[in-house]
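A structural walkthrough
Listed here are the chains, written in short residue letters.
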Amino acid sequence: MSASGGSKAILAAFLANMGIALAKFIAWFISGSASMLAEAIHSVADSGNQLLLMLGGRRAKKRADREHPFGYGRERYVYAFVVSIILFSVGGLFSIYEGVEKLTHPHELTNYWIPIAVLVIAIVLESFSLRTAIRESNHVRARGQSWVSFVRHAKAPELPVVLLEDIAALTGLVFALFGVGMTFLTGNPIFDAIGTLMIGALLILVAIALGIETKSLLVGEGATDADHDRIVDAIAAGSEVEKLIHIKTLYLGPDELLVAAKLGFASDRPLGEVAADIDRIEQRVREAVPTARVIYLEPDIYRPGDDPAPATEEFIVRSSD
């Protein structure tokens, strides 16, 4: 992911949410709409989320040190996971609580035109924010890749998080407009409470989806199938290696991939030649997959007929002959 692209989408979402949150609070104060209050809290939570994503991006740029020899790239995953928790606890649960409160203690709304006008304007502003996120995501989304696949497999968490937040925000605004509009048309405030409950359920569903995806990144994900195949092909492209015994990959951060492999060399190769071969293989791997910045290649002696690697290792037969 382009760091600048992700930052642009985050900044656009932050500015939109701050302005929208203020307008929603004013509309709630004047009209007393529970849907407007839920949406105002939603926008405040989203604004905090964007600040956390920007903070995570900055902290991830810290240089590696003795305590963290592989760097701080995973800070972005940590903050993305915190964002999903905030979206759940602050946005979803509060909306559910407010919706239940208005169901049990309904009251009439006043000045309907104010929340309706704010919601319509907010839908327009959120649409611009979503368009920015889509535009920036298209720069890194693979050709033909579905949006669901992009969200599930993206190694940089910021754009998928902003995408889901913007989609949830637009959907929540439609729910709020439904609640306020139906209350205006029917005079029954129960629709306002229903709209609030719909917003809360939506936020909880999005938070769960975000939590699952960012948890997977925190635990540690390997290279995509396409990058994995490129790495294997780059190793086997030359005549240096008799056999690729096994290979493991791990993302240390969105833009930094660790590659560790055991390579089988002919038993009669001098040590100096093996070292030069490993250097050439590393260069080919980095050219094939630029994010493969940390590479550890372990040479081993390959004898035809050797038993395959243990079941706990990923055994790949890729002979150079």
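Residues numbered from 1 in each chain as written. Predicted model: local features only at pLDDT ≥ 70, side-chain atom pairs only at ≥ 80, totals over all residues. Heavy atoms only, no water.

1. As for the side chain of Ser31
Take Ser31: it is sitting in helix α1 (residues 3–31). Of note is the side chain of Ser31, whose polar atom sits 2.7 Å from the backbone oxygen of Ala27. Setting aside anything within four residues of it in sequence, one finds Ser31 in contact with Met36, Leu109, Thr110, Asn111 and Pro115. (Helix = DSSP H or I, 4+ residues; strand = E, 2+ residues; numbered from the N terminus. Polar contact = N/O pair within 3.5 Å; in protein donor to acceptor, adjacent residues only side chain to side chain. Contact = heavy atoms within 4.5 Å.)

2. A word on the packing of helix α2 (residues 34–59) against helix α7 (residues 190–219)
At their nearest, the axes of α2 and α7 sit 7 Å apart, and the two run at 25° to each other. Comparing their axes, α7 and α2 come out roughly parallel. When α2 is examined against α7, the residues Ala34, Ser35, Ala38, Glu39 and His42 are found in contact with a partner set consisting of Asp192, Gly195, Thr196, Ile199 and Leu203. Classifying every residue of the contact of α2 with α7 gives four nonpolar, four polar and two charged. (Axes fitted to C-alpha atoms, helices over the stretch in contact; angles between N-to-C directions. Parallel < 35°, antiparallel > 145°, perpendicular 65-115°, else oblique. Nonpolar A, V, L, I, M, F, W, Y, C, P; charged D, E, K, R; others polar.)

3. Focus: empty space enclosed by the protein
The gaps of empty space that remain are located by a probe, the size of a water molecule, rolled over the atoms. Counted by the stated rule, this structure contains three cavities of 30 Å³ or more. In this structure, the largest cavity spans a volume of roughly 90 Å³. A total of four residues in the lining of the largest cavity trace back to one element, the largest contributor, which is α7. In terms of residue class, the lining of the largest cavity is built from eight nonpolar, one polar and three charged. (1 Å grid on protein atoms, 1.4 Å probe; cavity = no way out; pocket = protein on both sides within 12 Å on 5 of 7 lines; lining within 4 Å. Points joined across faces, edges and corners; volume = space filled by probe spheres on them.)

4. Examining the layout of surface pockets
For the largest pocket, the calculated volume is near 600 Å³. Every residue lining the largest pocket is counted, 20 residues in all, and those nearest its centre are Val140, His153, Lys155, Thr224 and Asp227. Residue assignment for the lining of the largest pocket shows that the elements contributing at least two residues are α5 (147–153) and α8 (225–236). Here the residues of the lining of the largest pocket are counted per class, giving 10 nonpolar, five polar and five charged.

5. Quick notes on the sheet that holds strand β2 (residues 256–266)
Taken together, three strands build an open sheet; the order of strands is β1-β2-β3 and the sheet is mixed. The sheet is open, and its two borders are formed by β1 (243–253) and β3 (294–302), each paired with just one other strand. On average, each strand axis in the sheet is tilted by 15° relative to the strand beside it, whichever way the strands run. Judged from the nine bridges that link them, β1 and β2 form a sheet pairing that is antiparallel. Residue pairing across strands places Leu244 opposite Leu263, the latter belonging to β2. Of the strands in this sheet, β1 and β2 touch α8, which is tilted by about 135° from β1. Helix α9 (residues 271–288) rests against β2 and β3 of the sheet, and its axis sits at about 135° to β3. (Pairing = 2+ DSSP bridges.)

6. Brief notes about the packing of aromatic side chains
The final tally for this structure, using the stated rule, is two aromatic pairs. Ring centres 5.9 Å apart and planes at 90° place the aromatic pair Trp147 and Phe150 in the edge-to-face group. Within this pair, Trp147 and its partner Phe150 are both found in helix α5, separated by three residues, close to a single helical turn. Looking at Phe150, the relative accessible area reads 5%, which means it is buried. Centre to centre, the rings of Phe178 and Phe191 are 6.2 Å apart; their planes meet at 85°, and the pair counts as edge-to-face. Of this pair, Phe178 sits in helix α6 (residues 158–186) while Phe191 sits in helix α7, placing them 13 residues apart in sequence. The cationic tip of Lys62 hangs over the ring face of Tyr72; the distance from NZ or CZ to the ring centre is 4.3 Å. (Phe/Tyr/Trp six-rings, centres within 6.5 Å; stacked < 30°, edge-to-face > 60°. Buried < 20%, exposed > 50% of the residue type's maximum accessible area, 1.4 Å probe, protein only. Lys NZ or Arg CZ within 6 Å of the ring centre and 35° of its normal.)

7. Digging into α8
Between the first and last C-alpha of α8 there are 16 Å, a value that for 12 residues agrees with the 16 Å anticipated at 1.5 Å per step. Looking at α8, one finds that the buried residues are Asp227, His228, Ile231, Val232, Ala234 and Ile235. Buried residues in α8, looked at end-on, bunch into an arc of 160°, giving them a common side. Where α8 is buried, its residues touch β1, β2 and α9. (Expected span 1.5 Å × (residues − 1). Arc of directions from axis to C-beta.)

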